[in-house]
Structures are given as structure tokens and as C-alpha cells.
Amino acid sequence: MERIVIAFGGNALLRKGDDQTFETQADRAEQAFQKLAKVIEDNEVVISHGNGPQVGSILLQNESAVRTVKPMPLHACGAMSQGLIGEMLSNGWDRVRFRLGISKEPSVLMTRSVVDPDDPAFSNPTKPIGPYYSSDESARLQRLKGWKMREEPGKGFRRLVPSPIPVDIVERNQIVSLLREGFLPVASGGGGIPVIKTPAGYTGVDAVIDKDLASSLLASIVEATTFIILTDVEGAKRNFGMENEELIGKVTAERLQRDLDQGQFASGSMGPKVRAALEFIKRGGKKAIIGSLDNATKVAEGKSGTIIEAGSL
Ligand code: ADP
Ligand code: MG
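For the structure given in this document, a descriptive report is provided here. (Residues numbered from 1 in each chain as written. Chains lettered and ligands numbered in written order. Predicted model: local features only at pLDDT ≥ 70, side-chain atom pairs only at ≥ 80, totals over all residues. Heavy atoms only, no water.)

## As for the environment of Ser-113
Quick note on the threshold: The helix count covers DSSP runs of H or I at least four residues long, the strand count covers runs of E at least two residues long, and both are numbered beginning at the N terminus. Note on contacts: a residue pair qualifies if any of its non-hydrogen atoms lie within 4.5 Å across the two residues. Here a polar contact means two N or O atoms within 3.5 Å. Within protein one must be a hydrogen donor candidate and the other an acceptor candidate, and residues neighboring in sequence count only if both atoms are side-chain atoms.
Along the chain, the position of Ser-113 falls in strand β4 (residues 112-115). Ser-113 sits 95 residues away from Val-208 along the chain, and the two C-alpha atoms are 10 Å apart. The contact partners of Ser-113, leaving out residues within four places of it in the chain, are Pro-166, Asp-168, Gly-191, Gly-192, Ile-193, Pro-194, Val-195 and Ile-209. At 2.7 Å, the side chain of Ser-113 forms a polar contact with the backbone oxygen of Gly-191.

## Section: the site of ligand 1
The cut-off we apply is this: Whether a residue is near a molecule or strand is decided by its heavy atoms; if any one of them lies within 4 Å of it, the residue is near. Accessible surface is estimated by sampling points in the Shrake-Rupley manner with a 1.4 Å probe; for residues, cover comes only from the protein chains shown. Ten residues, namely Ala, Val, Leu, Ile, Met, Phe, Trp, Tyr, Cys and Pro, are considered nonpolar, four, namely Asp, Glu, Lys and Arg, are considered charged, and the remaining ones, Gly among them, are considered polar.
Taken together, 17 residues lie around ligand 1, and Gly-10, Thr-231, Asp-232, Lys-237 and Lys-273 are the ones closest in. In the environment of ligand 1, an oxygen atom lies 3.3 Å from a nitrogen or oxygen atom belonging to the side chain of Ser-269. Surface burial for ligand 1 is 78%, taken as the share of its 580 Å² of free accessible area covered by protein chains. The class makeup of the residues in the shell around ligand 1 is six nonpolar, seven polar and four charged.

## Some details on the sheet that holds strand β5 (residues 127-133)
Within a sheet, adjacent strands bond to each other through the backbone by hydrogen bonds, running parallel or antiparallel. Our working rule: Any two strands between which DSSP finds at least two bridges are classified as paired. Note on definitions: angles span 0 to 180 degrees between N-to-C directions of axes, and those axes are lines fitted to C-alpha atoms, for helices only across the stretch in contact.
Strand order in the open sheet made by the three strands is β5-β7-β6, with antiparallel pairing throughout. The strands lining the two open edges of the sheet, one partner per strand, are β5 and β6 (148-152). Between one strand axis and the next, the sheet turns through 35° on average, direction left out of account. Note that β6 and strand β7 (residues 156-161) share five bridges and pair antiparallel. Note on β7: the bridge partner recorded for Arg-150 is Arg-158.

## Quick notes on the pattern of salt bridges
Here is the rule we go by: What counts as a salt bridge is simple: a side-chain nitrogen of Lys or Arg found within 4 Å of a carboxyl oxygen of Asp or Glu. When a residue's accessible area, from a 1.4 Å probe over protein chains only, is under 20% of the maximum for its type it is buried; when over 50% it is exposed; and in between it is partly exposed.
All told, the structure shown has 23 salt bridges when counted by the stated rule. Between Arg-95 and Glu-23 there is a salt bridge, and its shortest N-O distance comes to 3.1 Å. Placement of Arg-95 in helix α3 (residues 74-100) and of Glu-23 in helix α1 (residues 22-42) is noted, with a sequence separation of 72 residues between them. Arg-95 sits in the partly exposed class, given a relative accessible area of 27%. With a closest N to O distance of 3.5 Å, Glu-301 and Lys-303 form a salt bridge.

## Focus: unusual backbone geometry
Positive phi is not limited to glycine here, since Ser-188 has a value of about 55°. A relative accessible area of 0% places Ser-188 in the buried class. Positive phi outside glycine occurs at Glu-223, with the angle close to 60°. Within the secondary structure layout, Glu-223 lies in the loop between α6 (211-221) and β12 (226-231). On the basis of relative accessibility, which here comes to 65%, the residue Glu-223 falls in the exposed class.

## Here we look at the sheet that holds strand β10 (residues 193-198)
In space, the four strands of this open sheet follow the order β8-β4-β10-β11, with mixed pairing throughout. Each edge of the open sheet carries a strand with a single partner, namely β8 (166-169) and β11 (201-204). Taken over all neighbouring pairs, the strand axes of this sheet differ in orientation by 45° on average, direction set aside. Across four bridges, the pairing between β10 and β11 is antiparallel.

## Structural notes on the side chain of Ser-107
Along the polypeptide, Ser-107 turns up in strand β3 (residues 106-108). Assessed through its relative accessible area of 17%, Ser-107 is described here as buried. What Ser-107 contacts, discounting residues up to four positions off in sequence, is Leu-178, Phe-183, Leu-184, Pro-185 and Val-186.

## Some thoughts on the nonpolar core
Basically, it comes down to this: What we call a nonpolar core is a set of buried Ala, Val, Leu, Ile, Met, Phe, Trp, Tyr and Cys residues that are connected through their side-chain atoms within 4.5 Å.
Grouped together as the largest cluster of nonpolar side chains are 35 residues, with contacts concentrated most on Phe-227, Val-274 and Ile-308. Residue assignment for this core shows that the elements contributing at least two residues are β1 (3-8), α5 (172-180), α6, β12, α7 (253-261), α8 (270-282) and β16 (287-292). Broken down by element, the residue count for this core peaks at seven residues, all from α8. Ignoring any residue separated from it by four or fewer positions in sequence, one finds Ile-308 in contact with Val-251, Thr-252, Ala-253, Leu-256, Ala-277, Leu-278, Ile-281, Lys-286, Lys-287, Ala-288 and Ile-290.

## Some details on the environment of Ala-219
Looking at the secondary structure, you find Ala-219 in helix α6. With a relative accessible area of 0%, Ala-219 lands in the buried category. In this structure, the C-alpha to C-alpha distance between Ala-219 and Gly-285, residues 66 residues apart in sequence, is 8.1 Å. In this view, Ala-219 contacts Val-5, Ala-224, Phe-227 and Phe-280; residues no more than four positions away in its chain are not counted.

## Quick look at the side chain of Arg-158
Counting through the fold element by element, Arg-158 comes out in strand β7. Residue classification places Arg-158 among the buried residues on the basis of a relative accessible area of 18%. A polar contact of 3.0 Å, which involves the side chain of Arg-158, links it to the backbone oxygen of Gly-130. Each residue touching Arg-158, except ones within four places of it in the same chain, is listed here: Pro-128, Ile-129, Gly-130, Pro-131, Tyr-132, Lys-148, Met-149, Arg-150 and Glu-152.

The values are spatial; any link to function lies outside them.
Rendered as C-alpha cells:
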């Protein structure tokens, strides 16, 4: 039996052309779990996931009801998305396990990621979130709330928030306990709710944590042997989108680091996955795999995807 952290990409809940209803997302979750039933049954597995479209919708709802309901801060919207997605994933996994007679129950954890208040990201917000605003509204929000705004030509102004690096997980002991007790924990959703440690406890901060980096930290903290990132491509590719594009199969951390340094992986998508996989190996993890959700069964068996191992091959 192995201990494995599996990070779901956006396509585990929504694909291009899907309506965004609750049921569609739960159906997608069920399809994803169907492929992973055996690996979940046979191993200690933690599931992590993104929350981009879902928290985006919550922010829009906040915005459109601003006159009647107090809008919640971004970190609280993150907490809402963990609960929402947690229900979708729980329903999806329960359907699969009832069908197959698997007793392992899902357990969704509100999870907080600790960030450093001195993280340079706080003085340089880069991550656009929420609705688009007009130029007037944007100026008002900047004045009133101190938000940093950026114009996206032709679309309007959007709020920019910091994307700090997660350094710890508040609920780490709970996750490990759940694993030992035979549950399927769902943790660090959407990168975890960003908090800073204060003498009095923890305080939520308005930031967005990269879900790949947060899952990587999660994998190290629970001492997983394998960290799997499932997304919508077969793996990391060299010369992506070009004629000489090449899927990277088995690769050493050292070689992949060189590809990363050479700029082979786009910063908002494959870059953070490769970085997250390498961080896991650097912290002592044995194996990290970036693969496609559609091949999830093979990926979990280590037979598909970009397979990163420590040392030389
Ligand atoms: P997720 O929701 O799973 O995090 P992302 O869209 O963030 O998905 O990342 C996956 C995407 O990364 C792929 O669909 C692909 O378009 C893009 N990508 C960028 N650079 C590369 C690369 N070098 N190799 C493979 N995919 C890449
Ligand atoms: Mg992504």
C-alpha cells in the first residue's frame, strides 16, 4: 500500500461546452473517480482540486447581490468553494463506491494554507480574479477598498490579488488521522484558504494560492510516496504547440529542471505543475507524475504521463 496525493485539474469538474450546473459537475467528478476506484481502494489517497470557475461564480454572486447581502471576503469565498466542490466530489465518489462495493468514505476538510506575510507576492499582486468592472467602478474600488486593478483590453478592469507560496497546512494532523482511519480525505481545495499566523491564531487574507503548489506541499506534509497531477494533456511537453513537440515520459528531476529553466512550460498552466512536481521531489518525495485525467488509471499505475523521479535514470 502506498500513500498518494492526487490533484484534480479543472477538467475533473468542468469541460469546454459543459453547462455549469451542480449535477454536471458531480457527474464529471463521478467519471473521474470511476477511473481511480482501484487505486483509491488499494492505497491511502488524498484528493486535492482547483476551484477557479467555482470561486469565480461565487464572486459574481457576491457582486450582484451587493446591495442586499454583505459580500464575503475572498478567503471566505474560497472556503465556500471547498464546501461546494467537496459535496460534488463526495457525491461523485459515493456513487462509484456504492456501485463497486467499496467501503472507503470521503471526508471533506476545510483546509487552510499558511502563507508568509512577508512573501514578496503581497507587494506585487498578479492574479486576476472575479468580475470585469467599468473604468469608473474600477477607480471607485481602488479608492474604497485599496484593490489593485488591471485593464484587460476590450473586456474591462479586473481585480489583481497576490499569489503567495504556501508554507504549511493548518489541518495537517487531521488529514493524516483521516488517512490512518481509512477515509478518503479531500483537502487543500483551491490551494487552501490563505491565512497568516498571528499571536492570536490565524487570519484569512485575500490571496489565491496555486493549487499545484499547495497539493505538492500537501503531498510532502503527509509523506506521500507519489504525487499525481491530473490535467487535460498527456503530460509535460517540450516545444509545446510546435512541429517538434515532444511528450516527456520518464525523466529525472534534474533534466526537467533544466527544461523548466529554459522556459519550456507556460507560466499560468504547465509551469506551476512542473514546479510543484520538482518541489515535491526536492523535499524528498520519490515520484511525481503529471498526466491526463482521461488516462487516470494508467497514470496511477505509473504507465502514462510525465514521470519524474529523483536521481539519475
Ligand atoms: P488545470 O486546470 O489542470 O490546472 P491548466 O490549463 O492550468 O489545467 O494546465 C494544463 C494546460 O497547460 C494544457 O491544457 C496546455 O494547454 C498547457 N500547457 C502549457 N505549456 C505546456 C507544455 N509545455 N506541455 C504541456 N501542456 C502545456
Ligand atoms: Mg491550472
